[in-house]
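Descriptive structure summary
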Amino acid sequence: MSNPRQLVLNLFIYPGGHHEAAWRYKGSSAERILDITYYQELAQRAEASKFDAIFFADGPALADNVRYAQRFRFEPITWLAAIAAVTSRIGLIATASTTYTEPYNLARLFASLDHLSRGRAGWNIVTTSVPQAAQNFGLPEHPPHHERYERAREYLDVISRLWDSWEDDALVNDPASGIFADTSKIHTLDHVGKHFRVRGPLNISRVPQGRPVYVQAGASDDGRAFAARYAEAIFTAHQTLDSAKTFYTDIKRQARAFDRGPDEIKILPGISPFIGSTQVEADRLQDEFNELIQPEYSLTQLRQMIGVDLTGYDLDGPVPHHLIDTASAGGVASRFKLVVDIVDREKPTIRQLVQRLAGARGHWVIAGTPEKVADNIQAWFEGGAADGFNVMPPWLPGGFDVFAEQVVPILRKRGLFREDYTGTTLREHYGLARPASIYSNEVKAIA
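What counts, and where the lines are drawn
All residue numbers refer to position in the chain's written sequence, counted from 1. Reporting in this predicted model follows two pLDDT cut-offs: at least 70 for local features of residues, and 80 or more for side-chain atom pairs to be given and counted; totals over whole chains, interfaces and linings ignore these cut-offs and use all residues. Hydrogens and water molecules were not included; the side-chain quantities draw on all heavy atoms of the structure. Helix and strand definitions here come from DSSP, where helices need a minimum of 4 consecutive H or I residues and strands a minimum of 2 consecutive E residues; each element is numbered from the N-terminal end. Radius of gyration here is computed from C-alpha atoms only, and the compact-globule reference equals 2.2 Å multiplied by the residue count raised to the power 0.38. Residue exposure (1.4 Å probe, protein chains only): buried if accessible area is under 20% of the type maximum, exposed if over 50%, otherwise partly exposed. Working definition of accessibility: Shrake-Rupley area with a 1.4 Å probe, residue cover restricted to the visible protein chains. In plain words, nonpolar cores are sets of buried Ala, Val, Leu, Ile, Met, Phe, Trp, Tyr and Cys residues tied together by side-chain atoms within 4.5 Å. Salt bridges are defined by distance alone: a side-chain nitrogen of Lys or Arg within 4 Å of a carboxyl oxygen of Asp or Glu. For two strands to pair, DSSP has to find at least two bridges joining them. Handedness of a crossover is defined as follows: orient the strands so they point away from the viewer, and if the path from the first strand over the helix to the second runs clockwise, the crossover is right-handed.

Check the secondary structure of the protein and you find 14 helices and 13 strands. On C-alpha atoms alone, the protein measures out to a radius of gyration of 22 Å, which is about the 22 Å that the 2.2 N^0.38 rule sets for 447 residues. Taking the principal axes of its C-alpha atoms as reference, the protein extends roughly 75 × 55 × 45 Å. Relative to its 447 residues, the protein shows a buried fraction of 55%. Only carbon and sulfur atoms are counted for the fraction: they give 51% of the accessible area of the protein, which is about 19400 Å².

Right under this line is the structure:
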């Protein structure tokens, strides 16, 4: 008999928490956001709860609303190397852009992280939607959406071959014979393409996982097609069970066109839970956070999502739907659609809309008892909407602690989440196979 399907759970670490006003909340640790021990402790708590991975987002530009929120970023590979040193099992996932990095440099960074962590690295592949990044990299303007994905496809081809450039047994390391490496099993790429010229090989041996786990977060048409072809885990945002099921079904369907089975891609929506001993207590907690919202920040966030500046409009008036133009979606089309769907479905005031988005930037926010949160997780998991979740605590560390202490035991009691790790690598946690090198005898035989 096969083992029962179980949830994937990641802790998505945002400096103070995922509510935009988290850093102002009395229970946050805002003063520790530059203290690496703060993040090490969070990762250790997630590992003690047997979470699959921690995830650290990144972007190559300073957000234009840093005046009102904790919006700067550590460089994620450096950050995760420090996490790797104090953990032993939990996966380590970082964002890096195919638009604003070179494949050889990034291949080295992730290969180093995978070796140092003994096989726990994951790469969240983004093309970068923030236009102001271009001027940090000598470009006059941000490349168009379709061009960024064209570059990303070539990038994935190059970086995958770099990670394969050493065969698994190319590293001999035999002092007695004097042979360190079998050079017949180290391969150049000699890649010449539209966007890259890369000779190779990589200057470090093949990593424990073969290559890091490929994670992707785009939900536009280009993003879905890219994910169906390459991604092994997908981070996604949905407000309703029906929306999540539609996305889940579409990705699994598209993956079949690339001869990929449904278990080869883990779809992981975000969930940001406000948890209380009663519904009233949970609602009161969420209200407490929303009272700390600063409209100047919220309206900037909303403008970035829908392309309309609502500064000066009555916050308690309706959202002026007639001003929203689908052409303004730009590179964040998926989040644009999510917000427009909320406006169409719920007819919120501007204040209600910004409060809705303040919780987790469009991810699913739920307020309720531990049992209610567990019930909803189970419904999405068993209803064909998710293979697991990115847990996005409204504030840290307390928001994670209450989830780990009160929700996780319920999920375990229902047989939905592991009691302990059964593997050591992120691939093993996710139930993913280790990919064979393109140069291996196994692949050559198939070809």
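Counting residues in each nonpolar core, the largest one holds 72 residues, and the members touching the most others are Phe 51, Ile 54, Phe 110, Trp 123 and Phe 403. Listed in part, the 26 residues of the second largest apolar core include Tyr 14, Phe 274, Leu 285 and Trp 395.

Let's shift gears to the pattern of salt bridges. The final tally for this structure, using the stated rule, is 22 salt bridges. Residue Glu 232 pairs with Arg 427 through a salt bridge whose shortest N-O separation is 2.7 Å. Here Glu 232, found in the loop between helix H5 (221-230) and strand S10 (233-236), pairs with Arg 427, found in helix H13 (residues 426-430); they are 195 residues apart in sequence, far enough to count as distant. With a relative accessible area of 2%, Arg 427 lands in the buried category. In this structure, Arg 351 engages Asp 316 in a salt bridge whose closest nitrogen and oxygen atoms are separated by 2.8 Å. Of this pair, Arg 351 sits in helix H10 (residues 350-358) while Asp 316 sits in the loop between helix H8 (295-306) and helix H9 (333-346), and the two are 35 residues apart along the sequence. Asp 316 sits in the partly exposed class, given a relative accessible area of 47%.

Turning our eyes to something else, we now look at the pairing of S10. Going residue by residue along S10, you find Ala 233 and Phe 235 tucked away on one face and Ile 234 and Thr 236 tucked away on the opposite face as well. When strand S9 (residues 213-216) meets S10, the two strands line up parallel, connected through two bridges. By the bridge assignment for S10, Gln 216 is matched with Ile 234. In terms of handedness, the path from S9 via H5 over to S10 forms a crossover that is right-handed. Here four bridges tie S10 to strand S11 (residues 266-275), and the two strands are oriented parallel to one another. The residue of S11 that forms the bridge with Ala 233 is Lys 266. One crossover worth recording links S10 to the parallel S11 by way of helix H6 (residues 241-256), and it is right-handed.

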